[in-house]
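Notes for the structure review
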Amino acid sequence: MKSSWRENCGVFGIWKVPEAAHLNYLGLFALQHRGQEGAGIVSGTHESFWGRRSSGLVSQVFDREALNQLQGETAIGHVRYSTVGNQADKNLQPLWVQGEWGELAVAHNGTLTNAQELRLELESQGSVFQSSVDTEVILHLFARTKGSFRERIDATLSRVAGAFSLLILYRDSKELRLAAIKDPFGFRPLCVGRLQEGYAIGSESCAFDLVGASWEAELEAGEVYEFHSKGVDRWKLNSKAPRTAPCVFEWIYFSRPDSNSFGRSVYEFRKQTGALLAERDQRASLRADLVMGVPDSGIPAAIGYSQQSGLPFEMGLIRNHYIGRTFIEPHQSIRDFRVKIKQNPLPKSLEGKRIVVVDDSIVRGTTSRKINMLLREAGAREIHLRIAAPPTISPCYYGIDTPTENELIASKKSIEEIRDFIFADSLEYLSLEDLRQLTQGASVCHACFSKDYPSGIPKL
Ligand code: AMP
């Protein structure tokens, strides 16, 4: 079950704007890169909630008729990606429950590290769980609390550990409330924008651009924005963390380059990683003819490399963007089908050339190995692979889908052994020290590169 808890997700919400569900749909559409397996929206008034969740892409889950049924000026939504094996619809979010106290819906990005212990404890006390997602413990804990909404949120979240950027929609007989909450470490991004007379809240600012919201703020670590009929209250959770730990991998790979996450332009950050790689190669007098990025995530760093080094930037590979999670392979096998269906080389750019190839990360090493084979078949003479991050040596327990440590190539092989495995002439990564320089000494989470887990790892 635990493997199903490693997931990438995105959340988006609307407070007090007409056609909230339609706008929420657009926001989720802009966050589709954060999860392609399923999507859901729960909308609400102080009298009722309406919801729809289903597997598939945002544009497949909702049509106009479905959105028209989601009434009210307030909504929260979620896009989900889980590892294969637990794609059941019951695991899709927002999770949504009713009680004598009212209704509650929760959309969560991040992973709780003590969910399994809490679940066992709650089950031993009679709770019956409907899904296998970690988020459900939040609903059970909340339902058992008493007091004001704020006291109940505080009491609930003081029990959970790990990463949570949450949208909580709640109504009792009197009022409708929406809370946007970031955990005390601030692992995952969550930002607030102004939209007409109301607000938009989402994982990434690229969603604000689409719905026409203006930027207001990134939530601080441990901060809550509580929207209610009289306005907005901003407050801090009672639970505190020893330091902040925004996920550096959001800048490296996960966030869209047109987003501003944790106060920085993702695109500019990626260009800086490329420039740093280029500086190093200039010092080492690397001789090459062109630089290319592995589309899409390696492109901004490759542009930074090109601008720093003066080496011409070429596409080299063209990516097909229309691949879902499954495609039908012919019975008669086609060599390298799985990589070719995504990436096609441009032999005219590559023939006889010494190429610097920039990618954001190497996980298992299979992508780099296949891409380098394709590039060589297309005529590349030399391949110098540059990775715009340090070696990925350890899994993420805070919301990025990564395989087990054993499957991470850099946890077992030296850089020279990886270079050999992926058929590159040379291979360079950024170092942790480079990362420190790029993050300007900020206190970030880089556990996937360092094993320094700010909030511990799951015991169960
Ligand atoms: P691999 O073949 O396992 O080495 O995968 C490396 C590729 O996966 C890189 O080109 C990355 O762009 C991409 N990647 C890195 N991290 C993730 C992630 N958490 N989810 C999906 N793709 C990723």
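What you are looking at is a predicted structure, and each value in this text was computed from that prediction instead of being measured. (Residues numbered from 1 in each chain as written. Predicted model: local features only at pLDDT ≥ 70, side-chain atom pairs only at ≥ 80, totals over all residues. Heavy atoms only, no water.)

1. Structural notes on the overall build of the chain
Each helix and strand in the chain was counted, giving 17 helices and 21 strands. In terms of overall size, the chain behaves like a compact globule, its C-alpha atoms giving a radius of gyration of 23 Å where 460 residues would be expected to give roughly 23 Å. Expressed along its principal axes, the backbone C-alpha trace of the chain runs to roughly 70 × 45 × 45 Å. In the chain, which comprises 460 residues, the share counted as buried stands at 57%. Restricting to contacts in the chain with at least 6 residues of sequence separation, those with at least 24 account for 70%. Of the accessible surface of the chain, which amounts to about 19100 Å², a share of 48% is contributed by carbon and sulfur atoms. On the chain, the mean spot of the 54 positive side-chain charges and the mean spot of the 55 negative ones are 3 Å from each other. (Helix = DSSP H or I, 4+ residues; strand = E, 2+ residues; numbered from the N terminus. Rg over C-alpha atoms; globule rule 2.2 N^0.38 Å. Buried < 20%, exposed > 50% of the residue type's maximum accessible area, 1.4 Å probe, protein only. Contact = heavy atoms within 4.5 Å. Areas by Shrake-Rupley, 256 points an atom, 1.4 Å probe, with all protein chains shown as cover. Lys, Arg positive; Asp, Glu negative; His and termini not counted. Charge placed at Lys NZ, Arg CZ, Asp CG, Glu CD.)

2. Overview of the packing of helix 9 (residues 266–283) against helix 10 (residues 299–309)
At a minimum axis separation of 6 Å, helix 9 and helix 10 run at an interaxial angle of 45°. The angle between helix 9 and helix 10 places the two elements in the oblique class. Where helix 9 crosses over helix 10, the two elements pack in a sense that is right-handed. Contacts between helix 9 and helix 10 involve Y267, R270, K271, T273, G274, A275, L277, A278, E279, D281 and Q282 from the first element and P300, A301, I303, G304, Y305, Q307, Q308 and S309 from the second. Here the residues of the contact of helix 9 with helix 10 sort into eight nonpolar, seven polar and four charged. (Axes fitted to C-alpha atoms, helices over the stretch in contact; angles between N-to-C directions. Parallel < 35°, antiparallel > 145°, perpendicular 65-115°, else oblique. Left-handed = near helix turned anticlockwise from the far one by under 90°. Nonpolar A, V, L, I, M, F, W, Y, C, P; charged D, E, K, R; others polar.)

3. Side note on the nonpolar core
One broad trend across soluble globular proteins is that nonpolar side chains are buried collectively. Counting 62 residues, the largest nonpolar core has I362 and L375 as its most contacted members. Split by domain, this core shows at least three residues from each of two domains, domain 1 (10–241) and domain 2 (266–450). With 28 residues, the next largest nonpolar core counts V133, L139, I168 and A179 among its residues. (Core = buried A, V, L, I, M, F, W, Y, C linked by side-chain atoms within 4.5 Å. Domains from an automatic or database assignment.)

4. What to know about the domain arrangement of the chain
Entries for the chain in the domain assignment read domain 1 (10–241) and domain 2 (266–450). Using C-alpha coordinates to define each centre, domain 1 is positioned 34 Å away from domain 2.

5. Thoughts on helix 5 (residues 136–144)
In terms of burial, helix 5 is a largely internal element, seven of the nine residues being buried. Regarding helix 5, the residues found buried are E136, V137, I138, L139, H140, L141 and F142. Packing partners of the buried residues in helix 5 comprise strand 5 (95–99), strand 6 (102–109), helix 4 (115–124), helix 6 (149–157) and strand 7 (165–171).

6. Concerning the packing of helix 4 against helix 5
Between helix 4 and helix 5, the shortest axis-to-axis distance is 10 Å and the interhelical angle comes to 50°. Accordingly, the angle class assigned to the pair helix 4 and helix 5 is oblique. In the crossing of helix 4 with helix 5, the sense of the turn from one axis to the other is left-handed. On helix 5, the residues touching A115, L118, R119 and L122 of helix 4 are V137, H140, L141 and R144.

7. Focus on the sheet that holds strand 7
With antiparallel pairing, six strands are arranged side by side in an open sheet as 5-6-7-8-12-13. A strand with exactly one partner marks an edge of an open sheet, and here the two such strands are strand 5 and strand 13 (231–236). Here the strands of the sheet are splayed against their neighbours by 15° on average, with no regard to which way each runs. Strand direction decides the pairing type here: strand 5 and strand 6, joined by five bridges, are antiparallel. Bridge pairing in strand 6 places G99 opposite G102. This element, helix 5, spans strand 5, strand 6 and strand 7 of the sheet and lies at about 20° to strand 5. Across the sheet, helix 6 lies against strand 7, strand 8 (176–182), strand 12 (223–228) and strand 13, angled at about 140° from strand 7, the strand it touches most. (Pairing = 2+ DSSP bridges.)

8. Here we look at the environment of Y429
Mapped onto the secondary structure, Y429 falls in strand 21 (residues 426–429). The class for Y429 is buried, based on a relative accessible area of 5%. Separated by 246 residues in sequence, Y429 and D183 place their C-alpha atoms 31 Å apart. If sequence neighbours within four positions are ignored, Y429 has contacts with L277, R280, I362, I387, A389, P390, P391, A410, I415 and I418.

9. Some details on the side chain of S255
Position of S255 among the secondary structure elements: in the loop between helix 8 (248–254) and strand 14 (260–261). Polar contacts involving the side chain of S255 include one to the side chain of E250, which spans 2.7 Å. Every residue in contact with S255, bar those within four places of it in the chain, is listed here: H33, R34, E204, E250, S261, V266 and R270. (Polar contact = N/O pair within 3.5 Å; in protein donor to acceptor, adjacent residues only side chain to side chain.)

10. A look at the pattern of salt bridges
Counting across every chain of the model gives 22 salt bridges. E121 is the salt-bridge partner of R159, the closest N and O atoms lying 2.9 Å from each other. Residue R159 is located in the loop between helix 6 and strand 7, and its partner E121 is located in helix 4; the two are separated by 38 residues in the primary sequence. A relative accessible area of 29% means that E121 is categorised as partly exposed. Salt-bridge contacts for R177 lead to E226; the nearest nitrogen and oxygen are separated by 2.6 Å. Taken together, the residues span a long stretch of sequence, with R177 in strand 8 and E226 in strand 12 at a distance of 49 residues. Of the two residues examined, R177 and E226, each falls in the buried class. A network of salt bridges, in which partner residues are shared, links R34, R188, E204 and E250. (Salt bridge = Lys/Arg side-chain N within 4 Å of Asp/Glu carboxyl O.)

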